[in-house]
Each structure stands twice: as C-alpha cells, then as structure tokens.
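Each chain, letter by letter, is given below.
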There are 2 protein chains.
Amino acid sequence: MKTVSEKISFGDSLTLESGKVLSGFELMTETYGKLNSDKTNAVLVCHAFSGNHHAAGISDGETKSGWWDEIIGDGKTIDTTKFFVVSLNNIGGCHGSSGPTTIAAESGQPYGANFPEVSVSDWVEAQKLLADHLGINCWEMVAGGSLGGMQALQWAISYPEKIKKAAIIAASSKISTQNIALNEVAREIIKKDEHFHNGDYLSKGELPKNGLKAARMLGHITYLSESNMSKRFGRKLQDPENKMDADVNYEVENYLQYKGEQFSKTFDANSYILMTKAMDSFDPAKDFDNDLVKCLQNIQAKLLIASFDSDWLFPKEYGLDIQMSAIKAGINSAYIELDGDYGHDSFLFYSDQYAAALKNFLNSNG
Amino acid sequence: MKTVSEKISFGDSLTLESGKVLSGFELMTETYGKLNSDKTNAVLVCHAFSGNHHAAGISDGETKSGWWDEIIGDGKTIDTTKFFVVSLNNIGGCHGSSGPTTIAAESGQPYGANFPEVSVSDWVEAQKLLADHLGINCWEMVAGGSLGGMQALQWAISYPEKIKKAAIIAASSKISTQNIALNEVAREIIKKDEHFHNGDYLSKGELPKNGLKAARMLGHITYLSESNMSKRFGRKLQDPENKMDADVNYEVENYLQYKGEQFSKTFDANSYILMTKAMDSFDPAKDFDNDLVKCLQNIQAKLLIASFDSDWLFPKEYGLDIQMSAIKAGINSAYIELDGDYGHDSFLFYSDQYAAALKNFLNSNG
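Residues numbered from 1 in each chain as written. Chains lettered and ligands numbered in written order. Predicted model: local features only at pLDDT ≥ 70, side-chain atom pairs only at ≥ 80, totals over all residues.

Q: An account of the domain arrangement of chain A is requested, with residue identities and associated values reported.
A: Residue and element names in this part refer to chain A. Its domain assignment divides chain A into domain 1 (3–174 + 281–363) and domain 2 (179–276). Taking the mean C-alpha position of each, domain 1 and domain 2 sit 25 Å from one another. Across the contact, 23 residues belong to domain 1 and 18 residues belong to domain 2. For the side of domain 1 that touches domain 2, a count of residues per class yields ten nonpolar, ten polar and three charged. (Domains from an automatic or database assignment. Contact = placed C-beta atoms within 7 Å. Nonpolar A, V, L, I, M, F, W, Y, C, P; charged D, E, K, R; others polar.)

As structure tokens, this is what we get:
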C-alpha cells in the first residue's frame, strides 16, 4: 500500500463558524493508494474524537497501526488497490495540524486556550481546501464513525455536488442531553486540574495529565458496552503485582487506570475541550428551522447510515432518526443496525457484516 | 408525626468484615412515629449512597425535608400513625455517625483516610446493635433503595428471624463491571484533587471540593434517565446571566455545575470513597460458592423486589436476577417493574403505582 504522510500548509485564511479567522493553517495528512488520472477514486475518512490522520498501516515514526487499519488497506473493505484514501488530523487537534499546541505567530507562544473554537462545519471547510489542493473535485465517498460520521453527514449537506456517498457510522445529527452532560463532566475534570492554568499550561511547562487521565477513563466507559465489559472483566480481582494504584481492587479499575494514563501522555487537554465542544454544538438542522428533513433535502449523495446494537453512547435511535428524515426528504439512503461487540467503539473494528455493508456501499453505482 | 433525633453511642466494639475493629461508635438516628408496646411495628429504612439519617419531615436544624419524605409520614405510604420508622446515618458516613470526619481517640485528629473500610454487612451489624438498643427484636420491614436496598437484602440474609419483610428497591445483589468502573472514575477524580492530600485534608484545613464536585456531576448523570434529561433540558442554551461558569453553553451543564457545587459543600470526600467501595464489594453470594440461590435459601422474610424501567444504573435485569434466584430458592418474593420518570432516582419519589406496591406489601400479612 502506497502511503504518503505530508504536512500541508494553506495560505488561505479560513473564516470559522464562530466568525473568527484563522489566517493560514496546516493540516497533517496521510494518503493510502493512488489517485487515478480522472481523480474519481478518492475516499475521505474523517477521524472521531481522539483519532488523527494516521488511519491505516504503520508509517514511518509510528509504532501503532492506524485507527481504521482493520478496514483500510490493500484488498480490505476500503480497498487501497482501487481507492485513494485521504486522512487528516482536523484543525484544533494535537497530532500535527494547527491546534492549541501550535505556536501562534503573534505571540510566539502556543495558542493554548486561545485557539479559536472550531465546529464540524469548519472541519469540512478545511477538508474542502484539502480536496482542492489535491485536485479532487468530487469524493467517491466520505466516511467516518462517531464525530467522523458527523463530518460525513455535514459534507453531504454542505457540498451536495462534491460527494457521491456518505457513510455515517455510529453517529448522530445532534448529540443528546446526556452526551452533552458527560462531555461537561470531562471538561470540568480537566479544567480543575491544578496544572491546567486556564489552558496556558504549555507556556508554563506543565501538563494537566491527571485531569486528562480521569476524563479519558470516563470516556472509555462510554465507548464500551456494559456486556462487553462484563464479559471481559466481570468482577475479577486485580492481581496485586500489577496494580496501577494501591487502591485498585478489580481488574476493570486497573484497565481504566492504564488506558487513562496512556492517553494522558499523548493528547492535549485544550484539544480535548475543543473537540467535545464541537461535538456538543453539531446540529446542522439549526440552520433549517430545526427541521432535519429540510436540512437533508438538497443532499445528492447516497447515504449509508449504520448504528451498532451495543452502542449506548450513540444508540441506534440516532441513526434511525437520520434515516427517517432522509426518507421524508426523498433522498437516497439506507439504514442498517449492525451487531457490534464493542459498544460505541464497534465502528473501529472489522466484522463480516460491517465490512460487507461498507464495501458493497462503496462499490455500488452512485 | 412524632420525630426524635438522637445520636446514640455504642460501647460495643464492632469487628468489621475486613477484620479491623471499631472500639465503640456513634450512630446518628431519627425516628418517626411511636413504637407500640409489643415493639412489633418497627420499620427500618436504610439510606442510599449519599443519603443520611434525615429521611422524613423537617426536623430541628434541618432546612430540607428528608430523602424519603414523599413516602414516610402520617397517612403516607409508610404510615407513621401505624409504624415506628427508624432511620440512621451509616458508619463511615459524614452526617453525625462515626466516620472519616470523626476525631479518632488515639490521634486526636480526624480519622480521614484511616477510617476502616466498611461493608454492607458491617452496616447491618451496626443496625442490629441499634435494634437491640431500641428493644426491637424483629423488624416489620427493612426497606431501602439502591445501596439501601442492598442493606435490606443483607438483613434478610444475615438475620432471617429478625425481619418479616424486605423491600429491595432499585437495587442489585452485586453491581456490574460498568458500575465499578464508574465508581473508580469518581474515586480517581477525588483522589487527584490537589487538596485531597491522600485523604488527610481535614488535618491540613483543606477540602477537595473540586474533586467532589466533578464526581457528583458524573454521579448525577447516572442517577437520571436519558429521557428525563432530554425532556427537562434538551439542548436549551443557558441564559448568560445565570451561568455557573463562563464556558457553560447549555442548561444541562449549568444544572450539573450547580448540583455538583452544592454537593461538594455538604459531603465528605473520604466518605464518598468508602461508600463506593462498600457498593463495589457487596456480593452476598460470595460466601455461598457464588450461588445466589443458596445464599437466599435461609431467608424467612417476604421480599418485594422493585426496579424502575428508566433506571440504567441498576437496570431491571438486576431485580429480575434476585427474583429468579428467590423463586429457585423457594422463598416468598414478588417482583415488580415500575414506571419511573427519574431513572435510578425514581426510588426517591412518590408515584401511585410505587406507593401502592410498597403500602400493600407493608400492610400484608407476613
């Protein structure tokens, strides 16, 4: 699989949904496979909350395979012998694209909490500039899970003529009150970390790792299903020799301690806050009198809306709600509820059923 | 309603399940109504995680009515013109009974994190000493919701001849992996508060209020149902004039900020940790080869097991599991799934259906 990693600088100034302007920005990208001469085989994959540009394979300098490596590759569901797959770290992220850890030209200091608020629409605008840069006039498919699925939906709404298919997986047209509440708890935990300093921790040479760790522990619970956790850990006691913390009793506590600790070393706290805010505010129907049917009416892309039965964070009702509105709007869409052992995280993992749905959708005629 | 508040000192030393010994302890109690001359009309109500002895009415020095005031009182579901209701703050709590905020005789300092680990069984043992003190040989009913329901179940197991009826509401015979995980996140948040000092905050004149606040915000989400939060708050934006925090956007965020803040002023962080650990470890079947049927076999009390349809923290499967084991054990039990608008918290609030179930159970022949 031909893999190219590239950081691309854009001179364009980007006016954000908030009204603020980013005067130039950088996007960290990876591409897999080859763009054909007609430039008609391009697939954009959009990352979820804590994902990044590294979606497949193991590229230089990376130690882990990409977040959708089970799906993207030569002969895989999104077959890189046929398709040219584009992946990027979104603006506001912390893996190479412009975001809170970037040095601001004006101050010579990291943006920190001063990095402007970004939205799902803003990400789509930045991705549109990336498509222009790559000479891609129309995506064969835009696909993503969770917050990535929201971007796929927004693409279909924002650029009806520039996207043939949108795979909207484990996603929602707007998150629930409970989801907003859970995001607020995560933000509260991070902001009250003694090393957060109102978001200016980098310029002080500190990191709010405790806050990030606990926020991720909470997030992790919401990404998994109860049945999966029960099957995997049950009420098994932790082997004392490998305790992450002296107070740990059960294996599941140790697992969360470990996962949270690892995450806190690789993610930026301001990005965490900014990404959750983007998730909270996503609600494309708000520009259409809060009418999702009206919002979807101009879509020309074919939609695949997929939910997982064990997902309690973005349950199937969210997917069904998009599908019902799509039917009322008279656009081309299919809904499927998939078996998934991993709760919300099921969108990351291969299953025969999931792969068949996605592969047949991608290879179908437009 | 005759109400008596009393702090009772016990000279007895109490050997805890952990093997540690409390040499003497105090229980803060409230009673409602009058004990009859035969002492056969006594009802014990056991509080849940953050509850206390103040279960009904508004007594001296209290500004809020008790946690089960909708259920307990003259002419109410648990009718204090007929029954003598006993309520207490459990040991390890922070509302007057011996717990982490108590001054330890040996050191002259608050116990803090050195207060011994307590279990649901330990609470039942302390309540048994309270019954002896009051001259009550047999409870007409022991009742409670959530962690309180676990105490009611433990009473029926520990003292088959001293309890006629057990109302086990919104409870479980052991909590799930997901529940343990959520408790661990709450503990992690509290313990990493810069003012926690490994639990010795009182002797340093500090309070880990930020940690308690965020832990409670998380808890609050789990106590409510998604549909209740959606109905009540939806995605309504917060009126800017009443924001608890400048970064708040939605009403639900403000509500959680407010609730968390209030809680952090009234609860003790070590008690929070200790209570969640007691909840995690509750599993009476563990002493019966992990066989709940065997564990329930000696019960003589009649059981009422009630779950609420909107409770996702302790879902109905937990109640059904106890009921199925009770049926197999051949003991007298009834299970009911109740409508409840408030998720797990539904056990606190009156509804016709709930009150009828509980009242008829209490007034039935043994």
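Q: Give me the nonpolar core: which residues, what numbers.
A: Note that soluble globular proteins tend to have their nonpolar side chains buried in a common cluster. By size, the foremost hydrophobic cluster in this structure holds 216 residues, and its most contacted members are V43, A166 and I168 of chain A together with V43, A166 and I168 of chain B. Not counting the four nearest positions on each side in its chain, A166 of chain A is found in contact with V142, A152, L153, W155, A156, A301 and L303 of chain A. (Core = buried A, V, L, I, M, F, W, Y, C linked by C-beta atoms within 7 Å. Buried ≥ 20, exposed ≤ 12 C-beta atoms within 10 Å, placed from the backbone.)

Q: Could you give an account of the interface of chain B and chain A, naming the residues involved and the relevant values?
A: Taken together, the 31 residues of chain B in the interface contact 31 residues of chain A. Those elements giving two or more residues to the side of chain B that touches chain A turn out to be α3 (177–191), α4 (209–223), α5 (226–232) and α6 (251–264) of chain B. Grouping the amino acids of the side of chain B that touches chain A by side-chain chemistry returns 14 nonpolar, seven polar and ten charged. (Helix = DSSP H or I, 4+ residues; strand = E, 2+ residues; numbered from the N terminus.)

Q: How would you explain helix α2 (residues 147–158) of chain B if you had to name every residue and give the values?
A: All names here are of chain B. Taking 1.5 Å per residue, twelve residues should reach 16 Å; α2 reaches 16 Å between its end C-alpha atoms and fits that length. The element α2 is extensively covered by neighbouring structure, given that eleven of its twelve residues are classed as buried. For α2, every residue scored as buried is listed here: L147, G148, G149, M150, Q151, A152, L153, Q154, W155, A156 and I157. (Expected span 1.5 Å × (residues − 1).)

Q: Help me get a handle on the pairing of strand β9 (residues 302–308) of chain A, residues and values and all.
A: Residue and element names in this part refer to chain A. Counting buried positions over the seven residues of β9 gives seven, a clear majority of the element. By the alternation rule, side chains of β9 split into K302, L304, A306 and F308 and L303, I305 and S307, which are all buried. The pairing of strand β8 (residues 165–169) with β9 spans five bridges and is parallel. What sits directly across from I169, in β9, is A306. Strand direction decides the pairing type here: β9 and strand β10 (residues 333–338), joined by six bridges, are parallel. Bridge pairing in β10 links A306 to I336. You can see the chain leave β9, run along helix α9 (residues 316–329) and come back into β10, and the turn it takes is right-handed. (Pairing = 2+ DSSP bridges. Right-handed = clockwise from strand over helix to strand, strands pointing away.)

Q: How would you summarise the pairing of strand β7 (residues 141–145) of chain A if you had to cite specific residues and measurements?
A: Residues and elements named next belong to chain A. For β7, the tally of buried residues reaches five of five residues, placing the bulk of the element in the interior. Residues M141, A143 and G145 point to one face of β7 and V142 and G144 to the other, with burial holding for every one of them. Both strand β3 (residues 42–46) and β7 contribute to a ladder of four bridges, which runs parallel. Residue pairing for β7: V45 is matched across the bridge by A143. Looking at chain direction, β7 and β8 are connected through four bridges and run parallel. Paired with G145 across the strands is I169, a residue of β8.

Q: An account of the relation of the copies chain B and chain A is needed here, citing residue identities and associated values.
A: Mapping chain B onto chain A is achieved by rotating through 180° and translating by 0.0 Å along the same axis, at an RMSD of 0.0 Å. Within this description, the copies of the chain are treated as partners about a two-fold rotation axis. Considering only C-alpha atoms, the residue of chain B closest to the rotation axis is E194 of chain B, which sits at 3.2 Å. Interface overlap between copies: 100% of the residues of chain B at the interface are likewise at the interface in chain A, consistent with a symmetric, same-surface contact. (Least-squares fit on C-alpha atoms with pLDDT ≥ 70 in both.)

Q: Could you give an account of helix α6 (residues 251–264) of chain A, naming the residues involved and the relevant values?
A: Quick reminder: α-helices carry 3.6 residues per turn. Residues three or four places apart thus point the same way. The end-to-end C-alpha distance of α6 of chain A is 20 Å, a good match for the 20 Å that 14 residues give at a rise of 1.5 Å each. Listed as buried for α6 of chain A are V252, E253, N254, Y255, L256, Q257, G260 and S264 of chain A. Looking at the packing, one finds that the buried side of α6 of chain A touches α4 (209–223) and α5 (226–232) of chain A together with α3 of chain B.

Q: Can you lay out the sheet that holds strand β2 (residues 21–32) of chain B for me, pointing to particular residues and giving the numbers?
A: All names here are of chain B. Spatially, eight strands are ordered β1-β2-β6-β3-β7-β8-β9-β10 in an open sheet, and the strand pairing comes out mixed. Among the strands making up the open sheet, the edge pair consists of β1 (3–15) and β10 (333–338). Adjacent strand axes in the sheet meet at a mean angle of 20° when their direction is disregarded. Of the strand pairs in this sheet, β1 and β2 are connected by eleven bridges, and their pairing is antiparallel. Residue pairing across strands places F10 opposite F25, the latter belonging to β2. Seen against the sheet, helix α9 (residues 316–329) touches β8 (165–169), β9 (302–308) and β10 and runs at an angle of roughly 160° to β9. (Axes fitted to C-alpha atoms, helices over the stretch in contact; angles between N-to-C directions.)

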